[in-house]
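One letter stands for each residue in the lines below.
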Amino acid sequence: MRLEKCWFCSSTVYPGHGIQFVRNDAKIFRFCRSKCHKNFKMKRNPRKVKWTKAYRRVHGKDMTQDSTFEFERKRNRPERYDRNLAENVLKAIPKIDKIRVTREERHHKNRMKGKKEKLQKEAAKELEQGISLVKAPSALQKDPFLTLPQKIKVSVSQRQSEDNAMEE
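None of the values given here were measured: they were computed from a predicted structure.

**Some thoughts on the pairing of strand S4 (residues 28-31)**
Only one face of S4 is covered, namely the face carrying Phe29 and Phe31; the face carrying Ile28 and Arg30 is uncovered. Two elements, strand S3 (residues 19-22) and S4, share four bridges in a ladder whose sense is antiparallel. Its bridge partner being in S4, phenylalanine 21 is matched across the sheet by phenylalanine 29. Here S3 folds back onto S4 in antiparallel fashion, the turn holding five residues, of which alanine 26 has a positive phi close to 70°.

Written as structure tokens, this is what we have:
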């Protein structure tokens, strides 16, 4: 079973899935779904479309150089079957996947290293600009003028006299 890569987004295309387009010069383009095929027909560059693997690699969001990618490379040269070799390869696959995952996590951590400090600086700047809108709860308890007035009790006779004064 041969798993192909989508020409546009670089995801895997399983047998019986996707679309295959053959150009006049006999170049074959495989697409995982109609979304990729339509973007190809619209002549969009995968390096400029944000959801593609090519965009993520060009803009430093995914790893580009790693020895674990060598195992995914397509090889067209047939190899003579060797049971011991096949057994060793199947044993090595989980180890290689684990190594790849740890390297990707390390890459992501390095990429996000300054993000927390940047967010804190932005929050501090926003707080400085709008400090007049924010009052500390302790300041509200100390200064009674900052708090909202409690319910004011007014007798009915006073209201009537105020209404009469306004009419005059």
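And the narrative resumes.
**Description of the side chain of asparagine 39**
Turning to its location among the elements, asparagine 39 is positioned in helix H1 (residues 34-41). Separated by 2.8 Å, the side chain of asparagine 39 and the backbone oxygen of lysine 35 make a polar contact. Once you skip the residues sitting within four places of it in the chain, asparagine 39 turns out to touch Phe8, Arg44 and Trp51.

**Considerations on the packing of aromatic side chains**
Going through the model one piece at a time under the given rule, you end up with seven aromatic pairs. Judged by centre distance (5.7 Å) and plane angle (45°), the ring pair of phenylalanine 8 and tryptophan 51 falls under tilted. With a gap of 43 residues between them, phenylalanine 8 in the loop between strand S1 (4-5) and strand S2 (12-13) and tryptophan 51 in the loop between H1 and helix H2 (53-58) connect regions that are remote in the sequence. Judged by its relative accessible area of 1%, phenylalanine 8 is buried. Among the residues examined, tryptophan 51 registers a relative accessible area of 32% and is labelled partly exposed. Plain terms: the ring middles of phenylalanine 31 and phenylalanine 40 are 5.0 Å apart, the flat faces sit at 45° to each other, and that makes the pair tilted.

Definitions and limits used
- Note that residues are indexed from 1 along each chain, following the sequence as it is written.
- Only residues with pLDDT of 70 or above have their local features reported here, since the model is predicted, and side-chain atom pairs are shown and tallied only from 80 upward, although totals for entire chains, interfaces and linings are computed over all residues.
- Side-chain metrics in this entry use all non-hydrogen atoms of the structure; hydrogen atoms and water are not considered.
- For each residue, the accessible area found with a 1.4 Å probe, counting protein chains only, is set against the maximum for its type, and the residue is called buried under 20%, exposed over 50%, and partly exposed in between.
- In DSSP terms, a helix is any run of H or I states spanning at least four residues, a strand is any run of E spanning at least two, and both are numbered starting from the N terminus.
- For two strands to pair, DSSP has to find at least two bridges joining them.
- Under this definition, polar contacts are N or O atom pairs within 3.5 Å; protein pairs additionally need one hydrogen-donor-capable and one acceptor-capable atom, and for neighbouring residues in sequence, both atoms have to be side-chain atoms.
- Here, two residues are considered to be in contact whenever any of their heavy atoms come within 4.5 Å of each other.
- Side-chain rings of Phe, Tyr and Trp (the six-membered ring for Trp) are treated as a pair once their centres are within 6.5 Å; stacked means planes under 30 degrees apart, edge-to-face means over 60, and tilted covers the remaining angles.

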